[in-house]
Amino acid sequence: MKSGLNIAFFGSSLVSAYWNGAATYYRGIIRALHGRGHDVTFYEPDAYDRQKHRDIDDPPWAKVRVYPADSEDGVRRALDEARGADLIVKASGVGVFDELLEAAVLEIRSRNSRVAFWDVDAPATLDRVHHNPADPFRALIPRYDFIFTYGGGEPVTSAYRGLGARFCAPIYNALDPTTHHPVPSDPKFSADLAFLGNRLPDREARVEEFFLRAAASLPDKRFLLAGNGWHDKPMSPNVTYVGHLYTKDHNAFNCSPRAVLNISRESMARYGFSPATRVFEAAGAGACLITDAWEGIERFLEPGVEVLVARDGDEVASHVRSLSSDTAERIGQAAKKRVLAEHTYDHRAEELERILEVPRHDRSATR
């Protein structure tokens, strides 16, 4: 039986979710690819104290190569090691030597390899190159064999094609049921509504509207906030801030409150079709999810049945005020059933294989 692909993947971090929201997305995709017979080596810089805040040890389903972030020598050595892989992936937002990597992965392409740019923040990338025609990445787009994105739908794929992309397709966020699943509730995460997200410039105003304003309007309800950067943010007394949340606590965080809130970043909401990882992680844990409104939500979860949708903070507050335990349980269970049936990372890996036109080589079949 033909073996799977040898994949070299340059990204922000596989082993640390510290200031790195894409970590669980990378883990889900790569674990699923490994399970389907492909070998992945993940190259990440020793940057932003991520190695000091690891969530996981080096996993058995990927090789991890950490290179120094303070000189080009480290990244050049990583590129030399990646030379010859069947598929070479440069993810957006590595955070160190991004421009160098975007060009260099194309330079190490061989006759037998293909190169992909995997954009985990396509709206930001597209806004950047549209506003700056001299952006070096703009001229590189037509040279990649594939552009993959983790959201955005037709608006994003059309925009990339308009910039000369040979091929562009979304590989959406999804659920890894081995890591995100129901667990017993934890009293320290008890609340009427909980939100997990780092404080970022194009998210902060939406957090103020959808979470903090809703909390202020419901002083008799309990709200829970997790994520980096909110320590000095003014908030009402009924909001408890727990700081950075390690992935080992995600399930308890999702299973303990009555409802969990998703708030898209402004650019993601504007493009639509961009469900965050927490949408599927919360659903996989059986949580009742309330999400801000964005185009395409019904492709993933049915509003009113599998998810509650809010257009502003007033509607968030209305949902929280009227939500009973029975209704929350019913919505959470319906969402879990839907994502397990249609939106796991194995579904995404299968889709990627179809695009790459490679046969499945399931490791379990050879054991």
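Above this text is the structure in question.
Read on for a plain summary of the structure. Bear in mind the structure is a predicted one, so any value in this text is a computation, not a measurement. Every residue gets a number counted from 1 within its own chain, in the order that chain's sequence is written. Totals for whole chains, interfaces and linings use all residues, but because this is a predicted model, local features are given only for residues with pLDDT of at least 70 and pairs of side-chain atoms are given and counted only at 80 or more. Heavy atoms throughout the structure, all of them, feed into the side-chain values; hydrogens and water do not.

Before going further, it helps to spend a moment on the sheet that holds strand 11 (residues 259-262). Ordered in space as 10-9-8-11-12-13, the 6 strands form an open sheet in which the pairing is parallel. Of all strands in the sheet, those with a lone pairing partner are strand 10 (239-241) and strand 13 (308-310), marking the two edges. Recorded for the sheet is a direction-independent mean angle of 25 degrees between the axes of neighbouring strands. Across 3 bridges, strand 9 (residues 223-226) lies against strand 10 in parallel orientation. Paired with L224 across the strands is T240, a residue of strand 10. Contacts from helix 10 (residues 277-284) reach strand 8 (193-196), strand 11 and strand 12 (289-292), with the element oriented near 165 degrees to strand 11. A strand pair is defined by DSSP finding two or more bridges across the two strands. Where helices and strands are cited, they refer to DSSP runs of H or I of at least four residues and of E of at least two residues respectively, numbered from the N terminus. Only the stretch in contact is used when a helix axis is fitted, and all axes are lines through C-alpha atoms; the angle between N-to-C directions ranges over 0 to 180 degrees. Only heavy atoms matter for contacts: two residues are in contact if any of them lie within 4.5 Å across the pair.

With that settled, consider the nonpolar core. Across soluble globular proteins, you tend to see nonpolar side chains buried next to one another. Among the buried residues, those of types Ala, Val, Leu, Ile, Met, Phe, Trp, Tyr and Cys that are joined through side-chain atoms within 4.5 Å form a nonpolar core. Summary of the burial criterion: residues with accessible area below 20% of their type's maximum are buried, those above 50% are exposed, and those between are partly exposed, where the area comes from a 1.4 Å probe applied to protein chains only. With 36 residues, the main nonpolar core has F9, Y25, Y26, I30, W118 and F148 as its most contacted residues. Excluding residues within four positions of it along the chain, Y26 makes contact with F9, G11, S12, S13, L14, F42, A91, S92 and V120. Ranked by size, the runner-up nonpolar core spans 34 residues in total, among them A104, I108, L140 and Y144.

Our next topic: helix 4 (residues 122-131). Every buried residue belonging to helix 4 is among A122, P123, T125, L126, D127 and V129, and all of these are buried. In this fold, the buried residues of helix 4 make contact with strand 5 (114-119), helix 5 (136-140), strand 6 (146-149), helix 6 (153-162) and helix 9 (266-271).

This paragraph deals with the sheet that holds strand 6. Hydrogen bonding along the main chain pairs the strands of a sheet, whether they run parallel or antiparallel. Judged by pairing direction, the sheet is parallel, and its 7 strands sit side by side in the order 3-2-1-4-5-6-7 without closing on themselves. A strand with exactly one partner marks an edge of an open sheet, and here the two such strands are strand 3 (63-68) and strand 7 (168-170). Sheet twist, expressed as the mean angle between neighbouring strand axes with direction ignored, is 20 degrees. Of the strands in this sheet, strand 1 (6-10), strand 3, strand 4 (87-91) and strand 5 are in contact with helix 3 (residues 98-107), which crosses strand 4 at around 160 degrees.

Note that every value here comes from positions in space, so none of it alone points to a role or purpose.
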